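Now for the letters of each chain:
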Amino acid sequence: MSKLFIITAASGTGKTSLVKELLATTDNLSVSISHTTRQPRPAEENGVHYHFVDVAQFEQLLADEAFLEHAQVFDNYYGTSKQAVQSLLDQGIDVILEIDWQGALQVKQKFTDAVMIFILPPSREALRSRLSNRGQDSNEVIEKRLAGSLTEMRQYDKFDYVVINDEFAVALSDLQTIVRCHRLSTQNQQRTQAKLLGELLG
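These figures come from a predicted structure and were not determined experimentally.

Criteria and cut-off values
Residues numbered from 1 in each chain as written. Predicted model: local features only at pLDDT ≥ 70, side-chain atom pairs only at ≥ 80, totals over all residues. Heavy atoms only, no water. Helix = DSSP H or I, 4+ residues; strand = E, 2+ residues; numbered from the N terminus. Rg over C-alpha atoms; globule rule 2.2 N^0.38 Å. Buried < 20%, exposed > 50% of the residue type's maximum accessible area, 1.4 Å probe, protein only. Contact = heavy atoms within 4.5 Å. Areas by Shrake-Rupley, 256 points an atom, 1.4 Å probe, with all protein chains shown as cover. Lys, Arg positive; Asp, Glu negative; His and termini not counted. Charge placed at Lys NZ, Arg CZ, Asp CG, Glu CD. Core = buried A, V, L, I, M, F, W, Y, C linked by side-chain atoms within 4.5 Å. Arc of directions from axis to C-beta. Patch = residues over 30% accessible without salt bridge, like charges linked within 9 Å, V, L, I, M, F, W, Y side chains within 5 Å. Salt bridge = Lys/Arg side-chain N within 4 Å of Asp/Glu carboxyl O. Pairing = 2+ DSSP bridges. UniProt positions renumbered as here; feature names shortened; annotations may be inferred. 1 Å grid on protein atoms, 1.4 Å probe; cavity = no way out; pocket = protein on both sides within 12 Å on 5 of 7 lines; lining within 4 Å.

(A) Quick peek at the overall build of the protein chain. Scanning the protein chain for helices and strands turns up 9 helices and 9 strands. On C-alpha atoms alone, the protein chain measures out to a radius of gyration of 18 Å, which is about the 17 Å that the 2.2 N^0.38 rule sets for 202 residues. If one aligns the C-alpha atoms of the protein chain with their principal axes, the spans along those axes are about 65 × 40 × 30 Å. Buried positions account for 42% of the 202 residues belonging to the protein chain. Of all intrachain contacts in the protein chain linking residues separated by at least 6 positions in sequence, the fraction that spans at least 24 positions is 67%. Summed over all atoms, the accessible surface of the protein chain reaches about 11300 Å², with 50% contributed by carbon and sulfur. Here the protein chain contributes 20 positively and 26 negatively charged side chains, and the mean placements of these two sets differ by 3 Å.

Next up, the structure:
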């Protein structure tokens, strides 16, 4: 069976870069593209990084119950399309949701077998440095994100796995291991290796 992986982290932890590389190095794995009301950052493309919509469009989708989960983060709205996620799962594709902890808990109530992963930075100083070095936000926004990060990181114990993003290659390997582990489960192997099991046990 296809699996839903939920990956959460405080802003600036390196989640987006890790997920991008995880997708590039893992077959049959896709990320669900969220809707957001925030403005695109430089080099971000609509329909690739996010579905960028205005508040009125988001509220209409919300009224239509189009979201699997939604949350307000730093004065912007984010939401995950029910249809997009279910379509990928129905095709037998494992799906990653890059969402905040509030959304993660909402999804876990509906997909009880979802695998929840929390990524932490190696230190608060490293988190501040990464946010500053991105050059994407004002000092005011950076301070706001840092203030909110402590609340976010305190939620780590609600997740199944914790990955520390100190060395990128090690953190990536940890994520790859989690995905491989679940693909080797008896339930999954019964489906993917049905022919071999039939020959061995027939």
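(B) Layout of the nonpolar core. With 25 residues, the main nonpolar core has Leu4, Ile6, Leu97, Val107 and Phe111 as its most contacted residues. Breaking this core down by element, the ones donating at least two residues are β1 (4-9), α3 (82-90), β7 (94-98), α4 (101-110), β8 (115-120), α5 (124-134) and α6 (139-153). When sequence neighbours within four positions are dropped, the list of residues in contact with Phe111 reads Leu4, Leu68, Gln86 and Leu89. With 17 residues, the next largest nonpolar core counts Ile7, Leu29, Val115 and Val163 among its residues.

(C) Structural context of helix α1 (residues 15-25). Among the residues of α1, Lys15, Leu18, Val19 and Leu22 are the ones counted as buried. Axial view of α1: buried residues confined to an arc of 95°, hence all on one face. α1 presents Thr16, Lys20 and Ala24 as exposed residues on the side facing more than 90 degrees away from its buried surface.

(D) Summary view of a nonpolar patch on the surface. On the surface, Leu196, Leu197, Leu200 and Leu201 cluster together to form a nonpolar patch covering roughly 410 Å² of accessible area. On the secondary structure map, Leu200 appears in helix α9 (residues 194-201).

(E) Focus on the pairing of strand β6 (residues 76-81). In terms of burial, β6 is largely enclosed, as 5 of its 6 residues are buried. Strand direction decides the pairing type here: strand β3 (residues 35-36) and β6, joined by 2 bridges, are antiparallel. Residue pairing for β6: His35 is matched across the bridge by Gly79. Across 6 bridges, the pairing between strand β5 (residues 67-73) and β6 is antiparallel. Following the sheet pairing, Glu69 is matched in β6 by Thr80. Joining the antiparallel neighbours β5 and β6 is a turn of 2 residues, in which Phe74 adopts a positive phi near 50°.

(F) Main features of the UniProt feature "binding site: ATP" (unreviewed entry) in the protein chain. UniProt feature "binding site: ATP" (unreviewed entry): in the numbering of this structure it lies at Ala9, Ala10, Ser11, Gly12, Thr13, Gly14, Lys15 and Thr16. In the annotated group above, the largest pocket draws its lining from Ala9, Ala10, Ser11, Gly12, Thr13, Gly14, Lys15 and Thr16. Among the structural elements, Ala10 can be located in the loop between β1 and α1. Judged by relative accessible area, Ala10 falls into the buried class, the value being 3%. Discounting residues that sit within four places of it in the chain, Ala10 has contacts with Ile119, Ser149, Glu152 and Met153. Position of Lys15 relative to the elements: it lies in helix α1.

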